[in-house]
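Notes for the structure review
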Amino acid sequence: MDVLQVLLALYVLSLTSVDAIWFHLGQNEKKCLREEIHKDVLVTGEYEAQDNGQRVDLTVTDSKGHILYTKESAVKGKFAFTTEEYDMFEVCFEGKAMSGIQAPHREVYLSVKHGVEAKSYDELAKAEKLKPLEVELRRLEDLSKSIVDDFAYMRAREEEMRDTNESTHSRVMYFSIFSMACLLGLATWQVLYLRRYFKAKKLIE
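On a predicted model such as this, the values are computed, not experimentally measured, just so you know.

What to know about the overall build of the protein
Check the secondary structure of the protein and you find three helices and eight strands. Each helix and strand of the protein, ordered N terminal to C terminal, gives the series α-β-β-β-β-β-β-β-β-α-α. Put simply, 77% of the contacts in the protein that link residues at least 6 apart link residues at least 24 apart. For the protein, the accessible area works out to roughly 15,000 Å², and carbon and sulfur atoms hold 58% of it.

Side note on the sheet that holds strand β2 (residues 30-37)
Read across the sheet, four strands follow the order β2-β7-β4-β5 without closing on themselves; strand pairing throughout is antiparallel. Edge strands, defined here as strands with exactly one partner in the open sheet, are β2 and β5 (67-71). Ignoring which end each strand starts from, the neighbouring axes of this sheet average 10 degrees apart. In this sheet, strand β7 (residues 87-96) lies alongside β2 in antiparallel orientation, the contact comprising eight bridges. Bridging across to β7, Arg-34 finds its partner in Glu-90.

Describing the environment of Asp-87
Counting through the fold element by element, Asp-87 comes out in strand β7. What makes Asp-87 buried here is its relative accessible area of 8%. Along the sequence, Asp-87 and Lys-39 sit 48 residues apart, while their C-alpha atoms lie 7.7 Å from each other. Filtering out sequence-adjacent residues up to four positions away, Asp-87 remains in contact with Glu-35, Glu-36, Ile-37, Asp-62, Ser-63 and Lys-64.

Overview of the side chain of Thr-83
Relative to the helices and strands, Thr-83 is located in the loop between β6 (76-82) and β7. Look at Thr-83 and you get buried, because its relative accessible area is 2%. Only 2.6 Å separates the side chain of Thr-83 from the backbone oxygen of His-38, close enough to count as a polar contact. Here Val-41 takes part through its backbone nitrogen, which lies 2.9 Å from a polar atom of the side chain of Thr-83. Every residue in contact with Thr-83, bar those within four places of it in the chain, is listed here: Ile-37, His-38, Lys-39, Asp-40, Val-41, Val-43 and Phe-89.

Concerning a nonpolar patch on the surface
A cluster of nonpolar side chains, Leu-186, Trp-189, Tyr-193, Leu-194, Tyr-197, Phe-198, Leu-203 and Ile-204, forms an exposed patch at the surface whose accessible area comes to about 810 Å². By relative accessible area, Ile-204 is classed as partly exposed at 37%.

Reading guide: rules and limits
Residues numbered from 1 in each chain as written. Predicted model: local features only at pLDDT ≥ 70, side-chain atom pairs only at ≥ 80, totals over all residues. Heavy atoms only, no water. Helix = DSSP H or I, 4+ residues; strand = E, 2+ residues; numbered from the N terminus. Contact = heavy atoms within 4.5 Å. Areas by Shrake-Rupley, 256 points an atom, 1.4 Å probe, with all protein chains shown as cover. Pairing = 2+ DSSP bridges. Axes fitted to C-alpha atoms, helices over the stretch in contact; angles between N-to-C directions. Buried < 20%, exposed > 50% of the residue type's maximum accessible area, 1.4 Å probe, protein only. Polar contact = N/O pair within 3.5 Å; in protein donor to acceptor, adjacent residues only side chain to side chain. Patch = residues over 30% accessible without salt bridge, like charges linked within 9 Å, V, L, I, M, F, W, Y side chains within 5 Å. Salt bridge = Lys/Arg side-chain N within 4 Å of Asp/Glu carboxyl O.

Written out as structure tokens, the structure is:
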């Protein structure tokens with residue numbers, strides 16, 4: 001397997017990411033996890049919080065502050081949403097102490113899937129009565145589409161960055177020309193002024 005195939009395999013694995021994490025949450029403590037996700041991508045999450053007598057609120061928001069999912073007294077559950085644009089999404093757990101109760105840190109589990117891994121192909125197979133080979137072909141089709149969409153996005157970003165670079169280069173060039181013209185004008189004025197001054201003092205003819 002050559003280097004190109006290895007890089008392609010790593011890229012495919014990055015498209016179908018599964019993020020699972022365990023962490024501890026204290027009283028009146030807030031912990032958030034952020035991730036950038038492309039447009040029109042299904043995102044699913046599964047969470048579970050250890051019961052220790054305190055309350056935990058869960059909120060999923062985008063960079064504009066829109067609430068995509070919220071759950072008070074979150075103990076165990078799932079959430080799902082489809083992204084409308086490329087954005088940064090945030091999953092926050094906030095521990096709130098109950099009055100008069102001192103509780104230790106509680107353990108919280110969070111698993112987030114997006115892309116092909118977020119789709120339930122077992123349920124799809126049951127709904128459409130697909131054979132195992134057909135399910136695998138459907139999964140590969142979705143994976144191929146996600147790769148094509150991601151390459152299209154990267155090409156659009158590359159064109160946008162190239163246009164920005166060209167625009168910046170033009171502005172820098174015009175600014176440099178303007179600066180040189182100002183310096184030449186200032187130098188010419190200074191020479192003429194000094195010449196007039198020395199002639200007035202009869203230091204030169």
